[in-house]
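# Report on the structure
This is what each chain is made of:
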Amino acid sequence: MKNLYIPKRLKKKRNINCTAEDLINFEKGIEKKFNDGEIPYPIHLSKGNENELIEIFKFISKNDWIFSSWRNHYHAYLHGVKPKNLKNQIINGKSMYVSSVKPSFCCSSLAGGILPLALGTALAIKRKKINKKVWVFIGDMTSQMGVFHEVYNYSKNFKLPLEFVIEDNGKSVNTDTKKTWNIKKMKYPKDVIYYKYKLKYPPWGTGKWVEFK
Ligand SMILES: Cc1ncc(C[n+]2csc(CCOP(=O)(O)OP(=O)(O)O)c2C)c(N)n1
Ligand SMILES: [Mg+2]
């Protein structure tokens, strides 16, 4: 995949049985429930990055920690949160902060808010000498926040077991990220995972006017 960069030092850890179609169908189910007025809470749907995420999750052990954002349904599904459990959490208003103890999965709906949590977890894992890694998924706009640079530097300087995945859809809601920062080409350190994609849903909701039941 030309639009996906994975550093060579990373090794594959597991097979992913789930297909792009499984992911798309899961989100379609949520879209339908939302449009039918059955989810009176904010939702953020994913579409367009199935193949990139399926590839990335092959490098993630099932015991590792995942930290994600408001747009987390695909990450949770791929990390092994059972689809029924995931769907229930979303229906009950937790689309933006799905969580799970086993597999270890945590989100924050605050832009940048997840980074210090991922860092702290990686620090604890290192101190306790546990054989796990932490993976934090952030968007292109979040990657331009000061907190990303602090967390990145701290984690590298202290050699923490923290991997960064930058998901670049070019936008922050409807704002053009590169235009905002006057950037010609997004640039990242060579040791982060990076992919570019086009989000095939609106930034939040489904684009339809919904009357809640
Ligand atoms: C502190 C904070 N400010 C504003 C928002 C509103 N907000 C929700 S999603 C989002 C877009 C962030 O863009 P990016 O990091 O590229 O993530 P994407 O949704 O494009 O994957 C913003 C600004 C927020 N969640 N938290
Ligand atoms: Mg974005």
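All of the points below concern the structure found in this document. Everything numeric here is computed off the predicted structure, so don't read it as measured data.

## Points about the overall build of the protein chain
Broken down by element type, the protein chain carries 7 helices and 8 strands. Relative to its length of 213 residues, the protein chain is compact, with a C-alpha radius of gyration of 17 Å against a globular reference of 17 Å. Its C-alpha atoms give the protein chain principal-axis dimensions of about 50 × 40 × 30 Å. A buried classification covers 49% of the 213 residues belonging to the protein chain. The contacts in the protein chain between residues at least 6 apart in sequence include a share of 78% that link residues at least 24 apart.

## A look at the sheet that holds strand E2 (residues 65–68)
Overall, mixed pairing links the 6 strands, which are arranged E1-E8-E5-E4-E2-E3 in an open sheet. Unpaired on one side and paired on the other, strand E1 (4–5) and strand E3 (105–107) mark the two borders of the sheet. Here strand E5 (residues 162–168) runs beside strand E8 (residues 193–196); their pairing, made up of 4 bridges, is parallel. Opposite Glu167, over in E8, you have Tyr195 as the bridge partner.

## Details of the nonpolar core
Grouped together as the largest cluster of nonpolar side chains are 38 residues, with contacts concentrated most on Ile56, Trp135 and Phe137. Elements represented by at least two residues in this core include exactly helix H1 (20–35), helix H2 (50–57), helix H3 (73–79), helix H4 (83–94), E3, strand E4 (134–139) and E8. Among all residues touching Ile56, those that are not within four sequence positions of it are Leu4, Ile6, Phe137, Val165, Ile193 and Tyr195. Core analysis: the second largest hydrophobic core is formed by 21 residues, Ile114, Tyr152, Ile166 and Val192 among them.

## Considerations on the coordination of the magnesium ion (ligand 2)
Taken together, Asp140 (OD), Asn169 (OD1) and Lys171 (O) make up the full set of protein donors to the magnesium ion (ligand 2), lying 2.1 Å away. Every donor residue of the magnesium ion (ligand 2) comes from the same chain, spaced as D-x28-N-x1-K. Taken together, the residues span a long stretch of sequence, with Asp140 in the loop between E4 and helix H6 (146–157) and Lys171 in strand E6 (residues 171–172) at a distance of 31 residues. Classification of Asp140 as buried rests on a relative accessible area of 2%.

## Comments concerning the site of ligand 1
Neighbouring residues of ligand 1: 13 residues in total, closest Trp70, Ser109, Asp140, Thr142 and Asn169. Within the contact set of ligand 1, a nitrogen atom lies 2.8 Å away from a backbone nitrogen or oxygen of Ser109. Lys171 is positioned with one of its backbone polar atoms (N or O) 2.9 Å from an oxygen atom of ligand 1. When grouped by side-chain class, the residues that make up the shell around ligand 1 number 5 nonpolar, 5 polar and 3 charged.

## So, the pattern of salt bridges
Counted under the stated rule, the structure contains 7 salt bridges. As a salt-bridge pair, Glu163 and Arg9 come within 2.8 Å of each other at their nearest N and O atoms. Linking Glu163 in strand E5 with Arg9 in the loop between E1 and H1, this pair joins segments that are 154 residues apart in sequence. Judged by its relative accessible area of 42%, Arg9 is partly exposed. Taken together, the shared-partner salt bridges connect Arg9, Lys133 and Glu163 into one network.

Parameters and conventions
- Residues numbered from 1 in each chain as written.
- Chains lettered and ligands numbered in written order.
- Predicted model: local features only at pLDDT ≥ 70, side-chain atom pairs only at ≥ 80, totals over all residues.
- Heavy atoms only, no water.
- Helix = DSSP H or I, 4+ residues; strand = E, 2+ residues; numbered from the N terminus.
- Rg over C-alpha atoms; globule rule 2.2 N^0.38 Å.
- Buried < 20%, exposed > 50% of the residue type's maximum accessible area, 1.4 Å probe, protein only.
- Contact = heavy atoms within 4.5 Å.
- Pairing = 2+ DSSP bridges.
- Core = buried A, V, L, I, M, F, W, Y, C linked by side-chain atoms within 4.5 Å.
- Donors = N, O, S within 2.8 Å, 3.2 Å for Na, K, Ca; no water.
- Near = heavy atom within 4 Å.
- Polar contact = N/O pair within 3.5 Å; in protein donor to acceptor, adjacent residues only side chain to side chain.
- Nonpolar A, V, L, I, M, F, W, Y, C, P; charged D, E, K, R; others polar.
- Salt bridge = Lys/Arg side-chain N within 4 Å of Asp/Glu carboxyl O.

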